[in-house]
Structure formats: structure tokens, C-alpha cells
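# Geometric and topological summary
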Amino acid sequence: MSSLSRELVFLILQFLEEEKFKETVHRLEQESGFYFNMRYFEEMVTNGEWDEVEKYLSGFTKVDDNRYSMKIFFEIRKQKYLEALDKRDRAKAVEILVKDLKVFSAFNEELFKEITQLLTLENFRDNEQLSKYGDTKSARGIMLGELKKLIEANPLFRDKLQFPTLKNSRLRTLINQSLNWQHQLCKNPRPNPDIKTLFVDHSCGQPNGARAPSPVTNSLMDAVPKAGVFPPITGHGPFPPTPAIPSALAGWMANPSAVTHQPASAGPMGLAAPNNAALLKRPRSPPTSNPAIDYQTADSEHVLKRSRPFVLSDEVNNLPINILPVAYTSQNHGQSSYSSDDLPKNPVMTLNQGSTVKSMDFHPVQQILLLVGTNMGDVMVWELGSRERIGWKNFKVWDLNACSRALQASLSSDYTASVNRVAWSPDGTLFGVAYSKHIVHVYSYHGGDDIRNHLEIEAHNGNVNDLAFSYPNKQLAVVTCGDDRTIKVWDAGLGTRLFNFLGHEAPVYSVCPHHKENIQFIFSTAADGKIKAWLYDNLGSRVDYNAPGNSSTTMAYSADGTRLFSCGTNKEGESHLVEWNESEGAVKRAYNGLAKRSVGIVKFDTTKNRFLAAVDEFMIKFWDMDNPNILTSFDAEGGLPASSCIRFNKEGTLLAVSTNDNSIKILANSDGIRMLRSLENRTFDASRAASASVVKAPPIGNFPPTNAPVGTSGDDQAAPAAPMIGMNSDSRSLVDVKPKIQDESVEKSRIWKLTEINESSQCRSLRLPDSLTAMRVSRLIYTNSGVAILALASNAVHKLWKWQRNDRNLSGKASASVQPQLWQPSSGILMTNDISDTNPEDAVPCFALSKNDSYVMSASGGKISLFNMMTFKTMTTFMAPPPAATFLAFHPQDNNIIAIGMEDSSIQIYNVRVDEVKTKLKGHQKRITGLAFSHTLNVLVSSGADSQVRIIGNAMCLLPWNKQLSLLFK
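Analysis parameters
Residues numbered from 1 in each chain as written. Predicted model: local features only at pLDDT ≥ 70, side-chain atom pairs only at ≥ 80, totals over all residues. Heavy atoms only, no water. Helix = DSSP H or I, 4+ residues; strand = E, 2+ residues; numbered from the N terminus. Pairing = 2+ DSSP bridges. Axes fitted to C-alpha atoms, helices over the stretch in contact; angles between N-to-C directions. Buried < 20%, exposed > 50% of the residue type's maximum accessible area, 1.4 Å probe, protein only. UniProt positions renumbered as here; feature names shortened; annotations may be inferred. Patch = residues over 30% accessible without salt bridge, like charges linked within 9 Å, V, L, I, M, F, W, Y side chains within 5 Å. Areas by Shrake-Rupley, 256 points an atom, 1.4 Å probe, with all protein chains shown as cover. Salt bridge = Lys/Arg side-chain N within 4 Å of Asp/Glu carboxyl O. Parallel < 35°, antiparallel > 145°, perpendicular 65-115°, else oblique. Left-handed = near helix turned anticlockwise from the far one by under 90°. Contact = heavy atoms within 4.5 Å. Phe/Tyr/Trp six-rings, centres within 6.5 Å; stacked < 30°, edge-to-face > 60°. Expected span 1.5 Å × (residues − 1). Arc of directions from axis to C-beta. Nonpolar A, V, L, I, M, F, W, Y, C, P; charged D, E, K, R; others polar. Core = buried A, V, L, I, M, F, W, Y, C linked by side-chain atoms within 4.5 Å. Polar contact = N/O pair within 3.5 Å; in protein donor to acceptor, adjacent residues only side chain to side chain.

Leave glycine aside and you will find that most residues have negative phi; peptide bonds, for their part, are mostly trans. Cis geometry marks the peptide bond from P881 to P882; its omega dihedral reads -5°. Between P882 and the following residue, P883, the backbone shows a cis peptide bond with an omega angle of -10°. Note that P883 resides in the loop between β38 (874-878) and β39 (885-891). At R387, a residue that is not glycine, the phi angle is positive and equals roughly 60°. Summarising the element assignment, R387 is placed in the loop between β4 (379-383) and β5 (388-393).

Structure, rendered in C-alpha cells:
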């Protein structure tokens, strides 16, 4: 069979799989012998379908082909024989011995005799070699592992274990292209021809009733320009041309996803512009007056109800019919110059933010400047070279009288707001802040601590969920979205509204503006998982489809603007990180490794046109863009929440991630470390800082060239900037100056916003649902991530309440406005402490959560238990009383080290990993009532029932305690 015929078989296999002809798929696999479906083979072996197993194998090998094949068949038949013996079905066993196993006697007669002798045993496990044979299920599992190794080693299976990488619905695409070619050859093509068969070549009828000549009778050698992609023939079919816009794109081709989950789109989303050089090699299709063929199916009406026709402006009127303007770009993406060693994986500093980090963005030009927004409404600029906070703004409405009554009423009852998004403009002269209450602030940045108010916009009714900068009509604009289900575009100079996009049916979660050459557009995603695309006009969205898993999704382009990615998490906690095929509006690649039940919405970023990164399961996970499997992951020395803000600088040398303790960890690669070290000893001259302008902001109306990339990712927002001139006319960057910050005590006083509560109306209450036995709660604590409450009851049972992310609680944080769920793993087990030989009335219950919320250490008067918070399984128990534990604390940098306060007034430093007490401290006179490690000072603080507080120095270093300092307070 020729190679093209072989490839056709693969296309047919893909088609059959997509149409769910399961039996036919596997029959063709077996009969062709081109592809061995290991997953199907595993299912048959696990289910004990031995006849089907051998029948499937027969398409690829025979018993006597080689020693690997012989061993494969022998193991299968031996297992079938042993199962018959295990069922005491000796007649069946004899039949298998004679018909299936006797063939092997010619190769090893002694082995065959030994197998035969098993018939004489009451239980074949009496045979020494089979004494460890377990049950049928486990035996099949062990054998399957051996079979897979044998198959992979067998040369007859070489190149047959991997299905070739194909675009989704490739066979359909080829048919579509063929029909377009045929229609293109029609002398008098009719608009919207009705294609009812593939059995004969298509031809539109002549005006006089004659038929056009068959395309196969005409020479196609460069005589006809290349046609566009024909609309698909599936239910995700073509959109009919819109009569009002005859020369625009009639519709977006939509294909099912190539990955295993459900199709992510009902329409495509590509908006790329054609590459002129590539188009010279790829002749264009006929003029757009030649309409596309509309090959409808029974499902087309359903699709038309779900999707809107796509219409582009005059900028793309001359593109091929029914084809997205695709850029034929190189697939290399500059990847050969980078390796995983270039990833910033070394923690170099921690910035103490003081409140929960909500959003971060590196300066696009001065890459050691980090913009941070918090849940308290504070916005800070950090200079990483000096590790100092050089600029700061808190939430304050600039002109309250200009605000709507709704906003004024909201502020009168609660004059606070959280930052939802911060973002630099592409040249770094402006930055925008989106708040949780109606407001967007735009500041101009002039270097150092010189931050000036520029625009205050009451952008949305309710939360402003996202903000980004874009360039419609070569004019700098701010794009925002909010809970009021709208996307709005604002003039960045005057603050006037340019566009208001309506169409989402749920709060709009994020926006991703981008451009392909001279085509400007915006992707928007909503909390219900819907994704829409908009041009800067008033004609509505161009596409309407679902994100993978119907998740709240963020979209971002690679730094060079050629590859589109998205990451999101749905209400069930399922997360999806994918790359999109823009030209087809389908998922091109789904990345593996995200948790099946994520806590919080997983956020991601891209760098170097090569890598993706996300914080998930308390780890930073990295992917190569071209590989669906995780490249590497690590915990950044601990302290990460289940999901976290994450941001690369433009060059990918630095990575910022938020932590559980309201801090930011900065990680660097070797280049980033060298850069930061070169800045550490720079001195600061306040007068120079004032004069060393960053980048003189151009008049807002006159924007830089439109070839500067735009997007939501920090990597793709940078634009070339001119050198910055200091007082002495030295051309240097902002990193040469070290701006001065205000007195530390003044800064700290501004971080904390205390609210005085005088009236009960200022408080809200909520009764937590409880389906378990009602018992007195002995201990209660919020998890470090703020999304759950953990309680320890007097009966030694733990209860965990989790808040789910939904339309009423987009953050998923603990709130009195939304009722949480009493959570248990699917196994139904409970985390229950040991209470043997204890009196519950005398016990002092205590527990402690690890910093990343992965483990809980707990005791209720008996042994100390260590539980896994994800599975509720008991990892270990230790330290049986007496004395009993009365207080527990995890070491902030190592979850394996815990401090245990005891009933006998001692404190023990215990290493869980080695099950060993490292140090025992004495000093208190009565039981320990409290323990706390400092996160910044090397001390352990303890309190006792003797009314004493002790501070023990160097506790984090865990040096011998006789070398440490102990201070006593009474």
C-alpha cells in the first residue's frame, strides 16, 4: 500500500472516531495493521475479553513471529488458564491447555509440563512461583504492565503505537477544499448552491440549462488560484452569507476540538491577517463576489441559532470566501534558542505587600519595576533592584460629585474597594487600575515616585473585572469589562467612551485586545464560559462559543502575537489550559497537569514565545508550548496558595508570584540574578530621580506605530522606547536610579485599613450548613487561602466548609453573603483524631494548617494526627499521651517541622519526615496555650497557662537550643 493510501486510512480512522463508530474504528485498526490502539487493548485485557484481545493482536503479529510476540500470547493464555483454575472450572482449564497453551510445548516442553501439573493442585497458589498470585483484577493489572513493555519492545509494533498528529476533522477539511475547487471551476457559479451528494463532481447549472464541465476534465496545474477553506459538513456548519454585507466574510469555519474533551467552540475565532509573502506562494481564491458553497446538514439550523454571522470591515473585503484571514507564519517561534534552564526558578527575594495581592504587571521597558494591586485598594510600584516600594496610591474617588447615585450610595456605606486588575500601557507612560466598585483610574508615570492622576472613569455598574490598553484607529484606548455584562472602550486621553459592546448574558470576566497587521479586535470572556470576539464597530460580536469546560477564562497571546492561549476554571473546579487554532476556532492543544479540582481560578502567563506558567496545587507549573505535558514544576520553597497571581517580565528573566502571607516572591534565572545583583549597590540621588524622566508621555491622541504588540500578557504589551536621558545627558534606564520612599512607619500605617464597628447593622451573619452530627465546636480557623473554614468538634471530627466560585461570589472567598458547602471527598471519610484512653472533657483540642493548606496537624487529647486536606486520609499518627499536645504550629518554611506545645509545659520541635523529636524546650510552668513562628524574624513565640510569654531566638535555624536566647514577659 502506498504511503498516501496509508495516510488515507488514518484520516478514515479519525473520521470514524469523531463519528463514534467505535467497533468499526477498531476493526479497521486491526485489519489495516497501521495503528495499535493501546488504550483499547488495555480495556479489553482489564475486562478479560481474551478472544477479542487475540483477535485484535492478530492484525499486528502472530504467535511465532518473534520471541516478543510469543511471550505476549503466552502471558495472555496463561492468565486465561489461571482464571479458569481459580473459578474451579477444570473443564475450561483443560480446553485452554489443549487448544491454546500446547503450541508453546514445542518451544519449552518443561514449562508446559509444569503448567499441566497445576491441574492436580486444589489451589494453584500452592505452587511456589504462583504463591503471590492475588485476585483476578490485580493479576490482570500486573500482566498488563508486562504486556505493554513487550509490545513497546517488539519491532513489529514500531511506528504503530503513535497516532499521527492531525488537525481536527482533516478528512472533512479536504472534502471542503475539493468542493470549493469544483465550485470555483463552475462557469456560472450560483450563490449558495445546494450540495446534496459527494458521489459526483459538483457543477452549477448553466443559465440555459447546460451543466458546467466536470473539474476533473480540466487541467489544475497552476491554472486556478488556490481556493479558500470550504465550510465544514458537520453540525458545526457554515454561517450563511449576510446579504447586507456581501463582500465581507460570510462565516467562520467551526470544527470539533482535536482533544478528547467536548468541542470548545461553535464557531472559530481567528482574526489573523494574511502574510503577503506567503500569499504569493499561495494563490488567492476567486473574487468575493463568487459566493461560497453552503453545504447544509440537518444540524445547521441549530448552529445558526447558536452563532452569529461574522462580518469584517473593508480592511479584509478581498480575502478568500469563507476563510479566516490567516497569517502563514513560521512554526519555529524562536524556540531553538531556549531551554528549561532559562526559566526563572530561583527565589531571590520576597516583597512584603501587607495585603492580598490581586493583580501584578511588570513595566514593559524598565523590567525591574513591578506594579501591584491589592484587595485593600492599594496600588504600589516596587523597584526590585533596591527591593523598595517607590510609589503608592490608595483607593480614593477623585471627584465624588461626578459619580452616579448608585456609586455614591455604595461608598457612603463602605468606602473601600478591591483592585481587580492593574496594567501598564505598552510604552509604560500610563497604568490603569480596575476596582471592584464602578471605577477605573488611569495614572501617568513619570519615574521614581512621581505618579500623577490622569483619568477617573466610572466605567461599569458594579465590579470592573478587567482592563487592558489597545490601539483602535491608531489611538490609545482603555478597554474595560464588568459585572454589568458589557465591554467598553475609552479614549485614554480624554476619558470619553468610544464603544459599548453588548451581548454577554453573564458578568464579563476578562478582555484580550489584539491586532493582526491593521485589523484590531477584542476577545472577551464571561463568567458563564462564553467567549465573544468584537471589532471596533457597532455591529455586535462576531462569534459566540464556549470556553473549555464553560470556565471563567483568561486569554493571552504569545509575545510575538502569533499564538493564542487561554486558561480558566469552572464552577466545579475543573481547569483547562489550551492553545487555540485561530483559523478554525477550535482547541489546537490541551495541556495536561492541572488539578481536577482546583481551588480558585487558575491564572497563567506566557514568556519567550516558548513557555507557559501557572500556579496550581501550591506549585508553579511550566509547559513547553509545543508539548501538552508538564515540563517541570516546583513549590518555590513553599508558601504558595492553591492558585496565585503570576507574572513574567518582558524578557522572561524574572517571575513574580503572590504568596499565602500577603507577600510576593520574585524568582529569577541566571540572567535575572545578574541583573538584580548589578543593581543592589547603586546609590540614589533624589535630585537625579526627579529629572531622570522615564519616557516622556507623547500626546495621548498621537499614538506610536500600530505594529507594537498588544495583549493581556505582560510579554506582549511592550513597545520600543527611546533611551532615557538623565541630568548629565547620560543615556541610561530607570534602573540606574534608586528612588526614595517615605518613612517606613508612615508606609506601614497606610497598609492597614481598620474599620470601627459600632452598630450591629455593620455586621453580617451566616449559619454554616451541617449534615453531620451536631457537636460543640472546639477550634475554628480560616484556611490560609481564605476560601474555606476548618473546624474541630468536641467529638474529634473535623469539618470543612468551602465557598464555591459563582456569579454571586466571583472570587470564591469566604463571605457572609453566600452560603458555603460542607465539603467531603468522594470517599466519604472523615478526618477524625485519636481519642482512645482520653476523657473528652479534659482534652485540649488543637490543630494547625500548613502554609499551603495541604495538611492539617491535629490532636484531641490522644495521638497527634497528620491529615491530607485534599483526601482527608490520615498520613500518620505519633506521640501518644501522656503528655498530650495542647498547641501545634507548622514551621513557615518547612511543612515537615512542627512545634508542639505539651500539657507538661514543654515544647517539642518535631520532624515528621524522620519521625524524630529534634529539640525539647522547657521554661513554662504550666501547659502551653500558644505557639507562633515569625515569618521574618528567626524567633518562636510561646505562651502558657502560667501567664508568661517567651520569645526564643533563632528558632527558624533550629540550632541547639542552649545556644538560643529566651526572653520572658509577664
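Still to come is the rest of the account.
Another aspect to go through is the sheet that holds strand β11 (residues 477-482). Strand order in the open sheet formed by four strands is β10-β11-β12-β13, with antiparallel pairing between adjacent strands. Unpaired on one side and paired on the other, β10 (464-470) and β13 (497-501) mark the two borders of the sheet. The sheet shows a mean angle of 20° between the axes of neighbouring strands, direction not considered. Pairing of β11 with strand β12 (residues 487-491) involves five bridges; the strand directions are antiparallel. What sits directly across from C481, in β12, is I487.

A separate point is the pairing of strand β41 (residues 907-911). If a strand is regular, its side chains alternate between the two faces of the sheet. Among the five residues that make up β41, five are buried, leaving the element largely enclosed by the rest of the structure. Both faces of β41 are covered, namely the face carrying I907, I909 and N911 and the face carrying Q908 and Y910. As paired strands, strand β40 (residues 894-902) and β41 are joined by five bridges and run antiparallel to one another. What sits directly across from A899, in β41, is I909. Relative to strand β42 (residues 916-921), β41 is paired through five bridges, and the arrangement is antiparallel. By the bridge assignment, Y910 is partnered in β42 with V917.

All right, on to the UniProt feature "repeat: WD" (unreviewed entry) in the protein then. Taking the numbering used here, the UniProt-annotated feature "repeat: WD" (unreviewed entry) corresponds to residues 457-491 and 921-951. As a span, residues 457-491 carries 0% helix and 57% strand, and end to end its C-alpha atoms are 10 Å apart. Secondary structure across residues 921-951 divides into 0% helix and 52% strand, with the first and last C-alpha atoms of the span separated by 12 Å.

What follows deals with the sheet that holds strand β31 (residues 777-782). Strand order across the open sheet formed by four strands is β31-β32-β33-β34, with antiparallel pairing between neighbours. One side of each edge strand has no neighbouring strand; the edge strands of this open sheet are β31 and β34 (821-823). Adjacent strand axes in the sheet meet at a mean angle of 25°, parallel and antiparallel pairs treated alike. With five bridges connecting them, strand β32 (residues 788-793) and strand β33 (residues 798-802) associate as antiparallel partners.

Moving on, we come to a nonpolar patch on the surface. Together, L198, F199 and V200 give the surface a local cluster of nonpolar side chains, amounting to about 370 Å² of exposed area. With respect to the helices and strands, the residue L198 is situated in the loop between α9 (170-184) and α10 (276-281). Look at L198 and you get partly exposed, because its relative accessible area is 42%.

A few words now on the packing of helix α1 (residues 3-18) against helix α2 (residues 22-32). Close contact between α1 and α2 brings their axes to 8 Å; oriented N to C, the two are set at 160°. Considered as vectors, α1 and α2 are oriented roughly antiparallel to each other. At the point where α1 passes α2, the crossing takes the left-handed sense. Of the residues in α2, those touching α1 at V9, I12, L13, L16 and E17 are K22, T24, V25, L28, E29 and S32.

Another aspect to go through is the environment of W392. Here W392 is to be found in strand β5. With a relative accessible area of 17%, W392 lands in the buried category. Considering only alpha carbons, one finds W392 and L371, 21 residues apart in sequence, at a separation of 9.7 Å.

Further remarks concern the packing of aromatic side chains. The tally for this structure, following the rule as stated, stands at 28 aromatic pairs. Relative to F634, the ring of F622 has its centre 5.9 Å away and its plane inclined at 15°; by these criteria the two rings are stacked. Of the two residues, F622 sits in strand β24 (residues 619-624) while F634 sits in strand β25 (residues 630-634), which places them 12 residues apart along the sequence. For F622, a relative accessible area of 0% translates into the label buried.

A few words on helix α8 (residues 136-153). Helix length check: α8 (18 residues) gives 26 Å between terminal C-alpha atoms against 26 Å at 1.5 Å per residue, within 8%. Among the residues of α8, those classed as buried are A139, R140, M143, L144, L147, L150 and I151. End-on, the buried residues of α8 take up no more than an arc of 135°, which puts them together on one face. Opposite its buried face, α8 presents the exposed residues I142, K149 and E152, each directed more than 90 degrees away. Looking at the buried residues of α8, the elements they touch are α3 (38-47), α4 (50-57) and α5 (67-86).

Right, let's get into α9. Helix length check: α9, at 15 residues, gives a terminal C-alpha distance of 21 Å against a target of 21 Å (1.5 Å per residue), a fit within 8%. Of all the positions in α9, only L171, R172, T173, N176, L179, N180, Q182, H183 and Q184 are classed as buried. Residues of α9 that are buried in the fold lie against α1.

This part is about the packing of α5 against α8. Between two packed helices, what matters for the description is the angle formed by their axes and the separation of those axes. Packing of α5 against α8 leaves a shortest axis separation of 9 Å and a crossing angle of 170°. The orientation of α5 relative to α8 falls into the category roughly antiparallel. On α8, the residues touching Y68, K71, I72, E75, I76, Q79, E83 and D86 of α5 are T136, A139, R140, M143, L147, L150, I151 and A153. Classifying every residue of the contact of α5 with α8 gives nine nonpolar, two polar and five charged.

The next thing to look at is the nonpolar core. Ranked by internal contacts, the top residues of the largest apolar core, which has 42 residues, are L370, L384, F431, Y435, I664 and I666. Sequence-distant contacts of Y435, that is, excluding residues within four places in its chain, are made with G377, V379, N394, F395, A417, S418, V419, N420, H441, Y443, N463 and V464. Grouped together as the second largest cluster of nonpolar side chains are 39 residues, F36, W50, Y56 and I76 included.

Before going further, it helps to examine the side chain of N570. With respect to the helices, strands and loops of the structure, N570 is situated in the loop between β19 (564-569) and β20 (575-581). Within the local environment of N570, its side chain forms a polar contact with the backbone nitrogen of E574, the two atoms lying 2.8 Å apart. With residues near it in sequence (within four places) discarded, N570 still touches G549, N550 and S551.

Moving on to the pairing of β4. The buried fraction of β4 is high, at five of five residues. Residues V379, V381 and E383 of β4 are buried on one face, and the alternating residues M380 and W382, pointing to the opposite face, are buried as well. The sheet contact formed by strand β3 (residues 369-374) and β4 spans five bridges and is antiparallel. Each residue of the ladder has a partner; that of V372, found in β4, is M380. Here β4 pairs with β5 via five bridges, running antiparallel. Each residue of the ladder has a partner; that of M380, found in β5, is W392. Counting the residues between successive antiparallel strands, the hairpin from β4 to β5 contains four residues, one of them, R387, with a positive phi of roughly 60°.

Along the chain, the position of D853 falls in the loop between β35 (846-849) and β36 (855-859). C-alpha of D853 to C-alpha of N868: the two residues are 15 residues apart in sequence and 9.2 Å apart in space. Not counting residues within four places of it along the chain, the set of residues in contact with D853 comprises F618, T783, N784, S785 and M869. Of the polar contacts made by the side chain of D853, one reaches the backbone nitrogen of S785; its length is 2.9 Å.

What follows deals with the pattern of salt bridges. Under the counting rule described, the total for this entry stands at 27 salt bridges. The residue E54 makes a salt bridge to R77 at a minimum N-O spacing of 2.9 Å. Taken together, the residues E54 in helix α4 and R77 in helix α5 connect sequence positions 23 residues apart. For the pair E54 and R77, one class covers both residues: buried. Across the pair K851 and D661 runs a salt bridge, and its minimum N-O distance is 3.4 Å. Of the two residues, K851 is situated in the loop between β35 and β36 and D661 in the loop between β27 (654-658) and β28 (663-668); the sequence distance between them amounts to 190 residues. Three or more residues are tied together by salt bridges with common partners; here these are R563, E579, R589 and D626.

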